[in-house]
Amino acid sequence: MSDAPEVTFPPLMWGEAAPDHAFDHAVMKATLGCDSGLIAYKLRADALEAALVFAPEVPLQTAMAMLPLCGVGLQNALGALAPPEVAVHLDWFGGIRVNGARCGAFRAMASDTDPKAVPDWLVVGFTLPLVPPFEDTGLTPDETALFAEGCADVSLPHLLEAWARHTLNWLNRWETDGSASLHSEWRGIAHGIGEEATNQSLTGTFLGIDEEFGMLLRDTDSTHLIPLTTVLETT
């Protein structure tokens, strides 16, 4: 498999094959001042990696919607390319689930972690494993890989292109219409709502999200709001 196959991206986005890890490459480019819309990617034999650079014009607490937005873009892309029996869901922390099992995750990093500040850049990326780490998949029953779930015929360049297109479509909708449609789409594919969850040393029932995708966690005493900015990685 070539490290740099021909990949076509939609207008306002362009790709750059990463020499090593896509997320690290995107963060490096963002730190150096690249324009938004850069997609760093790495098509490995065992995983697909991609990361998108944003230049937010809103406070970080609002811009963090890009994390679930990119997740919805990937779910839509797999929905278009994978067999119809393949179910893809997203968890609040950025995890990807395929047919109920963990299958990679999204991550995010910004130039500033102050929720009320407008960051210079925000990078959202994902790693999607293609093959299981062990031949005996019974050793890790809650973890899977894309090709193990009937998706061996999915073209990685086409999946990368589809993710970019669907993500751009959702970005345009979010900028034009606000977050209502994105909220609705995300809730329809969210993993774990109504179930017990642990977050920030709190354990309770995951009730859903607020208008900025903060987790609403209900314990025996009260309902806690945990901002999505808490999942940010630090430089």
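Everything in this summary refers to the structure shown in the same document.

The rules behind the values
- Residues numbered from 1 in each chain as written.
- Predicted model: local features only at pLDDT ≥ 70, side-chain atom pairs only at ≥ 80, totals over all residues.
- Heavy atoms only, no water.
- Pairing = 2+ DSSP bridges.
- Helix = DSSP H or I, 4+ residues; strand = E, 2+ residues; numbered from the N terminus.
- Axes fitted to C-alpha atoms, helices over the stretch in contact; angles between N-to-C directions.
- Polar contact = N/O pair within 3.5 Å; in protein donor to acceptor, adjacent residues only side chain to side chain.
- Contact = heavy atoms within 4.5 Å.
- Salt bridge = Lys/Arg side-chain N within 4 Å of Asp/Glu carboxyl O.
- Buried < 20%, exposed > 50% of the residue type's maximum accessible area, 1.4 Å probe, protein only.
- Parallel < 35°, antiparallel > 145°, perpendicular 65-115°, else oblique.
- Left-handed = near helix turned anticlockwise from the far one by under 90°.
- Nonpolar A, V, L, I, M, F, W, Y, C, P; charged D, E, K, R; others polar.

Here's the deal with the sheet that holds strand β9 (residues 202-209)
Part 1 of the argument: Strand order in the open sheet made by the four strands is β8-β9-β10-β11, with antiparallel pairing throughout. Two strands lie at the open edges of the sheet, namely β8 (196-199) and β11 (223-226), each paired on one side alone. Here the average twist between neighbouring strands, direction ignored, is 50°.
Part 2 of the argument: Pairing of β8 with β9 involves four bridges; the strand directions are antiparallel. The residue of β9 that forms the bridge with Glu196 is Thr205.

Structural notes on the side chain of Asn76
Part 1 of the argument: Of note, Asn76 is situated in helix α3 (residues 66-81).
Part 2 of the argument: Separated by 3.2 Å, the side chains of Asn76 and Glu185 make a polar contact.
Part 3 of the argument: Residue contacts for Asn76: discarding those within four places in its chain leaves His166, Trp170 and Glu185.

A short note on the sheet that holds strand β2 (residues 38-43)
Sheet strands pair via backbone hydrogen bonds, and the direction of the pair is either parallel or antiparallel.
Part 1 of the argument: Read across the open sheet, the seven strands follow the order β1-β2-β3-β7-β6-β5-β4; overall the sheet is mixed. The sheet terminates laterally at β1 (14-17) and β4 (88-90), the two strands that pair on one side only. When strand polarity is set aside, the average angle formed by the axes of neighbouring strands in this sheet is 20°.
Part 2 of the argument: Sitting on the sheet, helix α1 (residues 22-31) touches β1, β2, β3 (47-54), β6 (101-110) and β7 (122-129), and the angle it makes with β3 is about 20°.
Part 3 of the argument: Those strands touched by α3 are β3, β4, β5 (95-98), β6 and β7, and its axis lies near 140° from that of β6.

Some thoughts on the pattern of salt bridges
Part 1 of the argument: Under the definition given, this model contains seven salt bridges.
Part 2 of the argument: Between Asp46 and Arg44 there is a salt bridge, with its nearest N and O atoms 2.9 Å apart.
Part 3 of the argument: Salt-bridge contacts for Arg107 lead to Glu233; the nearest nitrogen and oxygen are separated by 2.8 Å. Placement of Arg107 in strand β6 and of Glu233 in the segment after β11 is noted, with a sequence separation of 126 residues between them.
Part 4 of the argument: Take Arg107: its relative accessible area is 31%, and that puts it in the partly exposed class.
Part 5 of the argument: One salt-bridge network, held together by shared partners, links Arg97, Arg102, Asp142 and Glu143.

Some points on the pairing of β6
Part 1 of the argument: Judged from the three bridges that link them, β5 and β6 form a sheet pairing that is antiparallel. Among the inter-strand pairings, Val98 is bridged to a residue of β6, identified as Ala101.
Part 2 of the argument: One ladder, built from six bridges, connects β6 with β7; its direction is antiparallel. For Ala110, the partnering residue across the bridge sits in β7 and is Leu122.

Considering the packing of α3 against helix α4 (residues 156-177)
Part 1 of the argument: Running from N to C, α3 and α4 point in directions that differ by 130°, and their axes come no closer than 8 Å. Considering the angle they form, α3 stands oblique to α4. Seen along the crossing, α3 lies across α4 with a hand that is right-handed. For the pair α3 and α4, the contacting residues are Met66, Leu69, Cys70, Val72, Gly73, Leu74, Asn76, Ala77, Leu78, Ala80 and Leu81 in the first and His158, Leu159, Ala162, Trp163, His166, Thr167, Trp170, Leu171 and Trp174 in the second.
Part 2 of the argument: Classifying every residue of the contact of α3 with α4 by side-chain character gives 15 nonpolar, five polar and no charged.

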